[in-house]
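Residue-level listing of the chains:
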Amino acid sequence: MNTKGDVRHVCARLRSAKTRRELAKVLYHAVSGYSLFDLQEMRGRVERDLRSVPAGYRRRLYPSVMEQIFETHHTLIAAGRRGDLEDGMRPLPGEYQDFCDMVEKTCLREDEEERHLELLYFLLAAFNIFVLDRPAHPVGTPFPGGLEVEVRNGEYLCPVREKADDVDNALCPYCPAKQSDG
């Protein structure tokens with residue numbers, strides 16, 4: 001799954017979803033096409049990318065990134081097999097189509113070797129953000145400065161929610177987390 005046509009096809013399928021349940025089905029079918037090798041390849045990519053991060057921060061960040069990938073993958077596949085999504089008929093928010101456009105544009109910029117992993121990253125993020133109403137980064141994900149994603153009174157809070165506007169492919173504009181004080 002690493003041609004421009006595959007990215008366009010998956011993004012067209014994503015755009016066709018109008019409800020959380022429809023999106024969950026599209027994501028299940030797309031993510032089911034990835035193998036355990038693909039997940040391990042993604043893990044290797046994360047480890048490579050984190051080499052330049054200071055060791056102390058890397059040790060705190062790595063478990064959250066692995067949870068973001070592997071826990072989300074497991075939850076998505078299990079939910080897809082069960083087909084028991086609560087509140088699944090709720091329509092997707094208006095910014096969902098903008099998310100699809102961003103994903104397609106970002107993935108098509110990647111070289112073919114990385115494209116399928118970039119797409120998987122966004123598929124997993126879409127599941128958290130648009131199906132589960134969770135932040136893209138798990139609760140507890142640390143950010144520089146000692147702050148982290150948290151949940152207070154049932155509301156997700158992120159220390160960088162409003163600080164990623166200059167990043168074209170940031171998930172922040174779509175994330176249900178609110179900006180935390182800090």
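No experiment lies behind these values; they were computed from the predicted model shown.

Conventions we followed
Residues numbered from 1 in each chain as written. Predicted model: local features only at pLDDT ≥ 70, side-chain atom pairs only at ≥ 80, totals over all residues. Heavy atoms only, no water. Helix = DSSP H or I, 4+ residues; strand = E, 2+ residues; numbered from the N terminus. Rg over C-alpha atoms; globule rule 2.2 N^0.38 Å. Contact = heavy atoms within 4.5 Å. Lys, Arg positive; Asp, Glu negative; His and termini not counted. Charge placed at Lys NZ, Arg CZ, Asp CG, Glu CD. Salt bridge = Lys/Arg side-chain N within 4 Å of Asp/Glu carboxyl O. Buried < 20%, exposed > 50% of the residue type's maximum accessible area, 1.4 Å probe, protein only. Core = buried A, V, L, I, M, F, W, Y, C linked by side-chain atoms within 4.5 Å. Polar contact = N/O pair within 3.5 Å; in protein donor to acceptor, adjacent residues only side chain to side chain. Pairing = 2+ DSSP bridges.

Asks: For this particular structure, what's the right way to read the overall build of the protein chain?
Replies: Scanning the protein chain from N- to C-terminus turns up six helices and three strands. Put simply, the protein chain runs from its N terminus to its C terminus through helices and strands in the order α-α-α-α-α-α-β-β-β. In terms of overall size, the protein chain behaves like a compact globule, its C-alpha atoms giving a radius of gyration of 16 Å where 182 residues would be expected to give roughly 16 Å. If you line up the protein chain on its principal axes, its C-alpha atoms span 40 × 40 × 30 Å. For the protein chain, the proportion of contacts with a sequence separation of at least 24, taken over those separated by at least 6, is 65%. For the protein chain, the distance from the average position of its 26 positive side-chain charges to the average position of its 30 negative side-chain charges is 2 Å.

Asks: Just to check I follow, could you spell out the pattern of salt bridges for this structure?
Replies: Side-chain pairs of opposite charge can arise whenever the charged atoms involved come near each other. Throughout the structure, instances matching the rule amount to 10 salt bridges. Here Glu-114 ties to Arg-45 by a salt bridge, and the two come within 3.1 Å at their closest N and O atoms. Placement of the pair is Glu-114 in helix α6 (residues 112-131) and Arg-45 in helix α3 (residues 36-50), with a sequence separation of 69 residues. The pair Glu-114 / Arg-45 is uniform in exposure class, with both members buried. Each member of the salt-bridge network shares a partner with another, and the members are Arg-45, Arg-48, Asp-49, Glu-114 and Glu-118.

Asks: What is the right way to read the nonpolar core from this model?
Replies: For soluble globular proteins, nonpolar side chains are generally found buried alongside one another. Residues Leu-14, Leu-23, Leu-27, Tyr-96, Phe-99, Leu-123 and Phe-130 are the most contacted members of the largest nonpolar core, which totals 49 residues. Residue assignment for this core shows that the elements contributing at least two residues are α1 (4-16), α2 (20-32), α3, α4 (55-82), α5 (95-109) and α6. The dominant element in this core, judged by the number of residues it contributes, is α6, at 12 residues. What Leu-27 contacts, discounting residues up to four positions off in sequence, is Leu-14, Ser-32, Leu-76, Leu-123, Ala-126, Phe-127 and Val-131. Within the second largest apolar cluster, five residues are counted, among which are Phe-143, Val-149, Cys-158 and Cys-175.

Asks: Whenever I open this one, the side chain of Gln-179 confuses me. Can you help?
Replies: Tracing the chain through its elements places Gln-179 in strand β3 (residues 178-179). A polar atom in the side chain of Gln-179 sits 3.1 Å from the backbone nitrogen of Arg-161. A polar side-chain atom of Gln-179 sits 2.7 Å from the main-chain amide nitrogen of Glu-162. Apart from the residues within four sequence positions on either side, Gln-179 is in contact with Leu-157, Cys-158, Pro-159, Val-160, Arg-161, Glu-162 and Lys-163.

Asks: Is there a simple way to think about the pairing of strand β2 (residues 155-158) in this case?
Replies: Two faces belong to every sheet, and in a regular strand the side chains alternate between them. Strand direction decides the pairing type here: strand β1 (residues 150-152) and β2, joined by three bridges, are antiparallel. When the sheet's bridge partners are listed, Arg-152 is paired in β2 with Glu-155. Here β1 hands over to β2 after two residues, with Asn-153 in that stretch at a positive phi of 55°. Pairing of β2 with β3 involves two bridges; the strand directions are parallel. Paired with Cys-158 across the two strands is Gln-179, which belongs to β3.

Asks: Can you help me understand unusual backbone geometry in this one?
Replies: Keep in mind that most residues, glycine aside, have a negative phi and that most peptide bonds are trans. In this structure, Asp-133 is a non-glycine residue whose phi angle is positive, near 55°. Take Asp-133: it is sitting in the loop between α6 and β1. You can call Asp-133 partly exposed: its relative accessible area is 30%. At Asn-153, a position not held by glycine, the phi torsion is positive, near 55°.

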